[in-house]
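# Residue-level structural notes
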Amino acid sequence: LPNTVPLCETCPIQEFCMANKKNLTNEIPVRVKKQKRKIENKTVFILKYKNEIAIRKREKTGILANLYEFPNVLGEVSEEEIPKILEQWKIQFKNLHIKKHAKHIFTHIEWNMVVYEVEVKNKNKIWSWVTEKQMENEYPLPTAFKKLLTKEK
């Protein structure tokens, strides 16, 4: 049993067990220590143009490979830095506000996300611009990002 003293005397396969025969039940199986989860801070942008939202396809390898995501940058970006980022992306904005803070936990990594909702004046050609309905039906958006569309703070 995990994290307990072996119960060899009541085990139904005791006679076949090499650890029991060699008196190694306290050493086998080797218990692997859990690795500490890596924490990543992200700033996520929900860019809205009329009834469309910007999404982009993730890399072909790595976590959430080939799925879609909202534009984001590694690290927590201050509100003052956002205009520069949007300018690099060739985006002009009307309104900007922090929508929420969110966390998503994977087995080996934890994302702490600050989410900005940005009403933009123009669409760029870097990303796909889709409606929420299209996103639901045509674009695989992982839960880590899908839950950012909910209205609660």
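Use the structure listed above.
What comes next concerns the included structure. Everything numeric in this text was worked out from a predicted model, so none of it was measured.

### Some details on the environment of Glu81
- Tracing the backbone shows Glu81 in the loop between strand S4 (72-74) and helix H2 (82-88).
- The exposure class assigned to Glu81 is partly exposed, which follows from its relative accessible area of 41%.
- In this structure the C-alpha to C-alpha distance between Glu81 and Leu149, which are 68 residues apart in sequence, comes to 23 Å.

### Some words on the nonpolar core
- Phe70, Trp111, Met135, Phe145 and Leu148 are the most contacted members of the largest nonpolar core, which totals 21 residues.
- Contributing elements (two or more residues each) for this core: strand S1 (38-49), strand S2 (52-57), strand S6 (109-120) and helix H4 (143-146).
- If one sorts the elements of this core by residue count, S6 sits on top with four residues.
- Aside from chain neighbours lying at most four places away, what touches Met135 is Ile53, Ile55, Phe70, Val130, Leu141 and Leu149.
- Counting residues in each nonpolar core, the second largest holds 17 residues, with Ala54, Leu86, Leu96 and Trp127 among its members.

### Notes on the side chain of His104
- Looking at the element boundaries, His104 is found in strand S5 (residues 93-105).
- Here Lys147 takes part through its side chain, which lies 3.2 Å from a polar atom of the side chain of His104.

### Notes on the pairing of S6
- With 10 of its 12 residues buried, S6 lies for the most part within the structure.
- When S1 meets S6, the two strands line up parallel, connected through 11 bridges. Across the sheet, residue Glu40 finds its bridge partner in S6, namely Trp111.
- Pairing of S5 with S6 involves 11 bridges; the strand directions are antiparallel. Note on S6: the bridge partner recorded for His97 is Glu117.
- Counted along the chain from S5 to the antiparallel partner S6, the turn is three residues long.

### Overview of the pattern of salt bridges
- Within this structure, the stated rule accounts for nine salt bridges.
- Residues Glu110 and Arg37 are paired through a salt bridge, measuring 4.0 Å at the closest nitrogen-oxygen approach. Note that Glu110 is positioned in strand S6 and Arg37 in the loop between helix H1 (18-21) and S1, a separation of 73 residues in sequence.
- Judged by its relative accessible area of 10%, Glu110 falls in the buried class.
- Classification of Arg37 by relative accessible area gives partly exposed; the value is 35%.
- Lys103 is the partner of Glu110 in a salt bridge, and the nearest nitrogen-oxygen pair spans 3.5 Å.
- Under the relative-accessibility criterion, Lys103 is labelled partly exposed at 45%.
- Within this structure, Arg37, Lys103 and Glu110 form a network of salt bridges that share partners.

Criteria and cut-off values
- Within each chain, residues carry numbers counting from 1 in the order of the written sequence.
- This being a predicted model, a pLDDT of at least 70 is required before a residue's local features are given, and a value of 80 or more before pairs of side-chain atoms are given or counted; all residues contribute to the totals for chains, interfaces and linings.
- In computing side-chain properties, one takes all heavy atoms of the structure into account and sets aside hydrogens as well as water.
- Working definition: helices are DSSP H or I runs of at least four residues, strands are E runs of at least two. Numbering for both runs from the N terminus.
- Buried residues are those whose accessible area, probed at 1.4 Å on protein chains only, stays under 20% of the maximum for their type, while exposed residues exceed 50% and partly exposed ones sit between those limits.
- Within this scheme, the nonpolar core is defined by two criteria: the residues are buried Ala, Val, Leu, Ile, Met, Phe, Trp, Tyr or Cys, and they are joined through side-chain atoms within 4.5 Å.
- Only heavy atoms enter the contact rule, under which two residues are in contact if any of them lie within 4.5 Å.
- Definition of a polar contact: a pair of N or O atoms within 3.5 Å, with one able to donate and the other able to accept a hydrogen when the atoms are protein atoms, and with sequence-neighbouring residues admitted only if both atoms are side-chain atoms.
- Only when DSSP finds a minimum of two bridges between them are two strands counted as paired.
- For this document, the term salt bridge refers to a Lys or Arg side-chain nitrogen within 4 Å of an Asp or Glu carboxyl oxygen.

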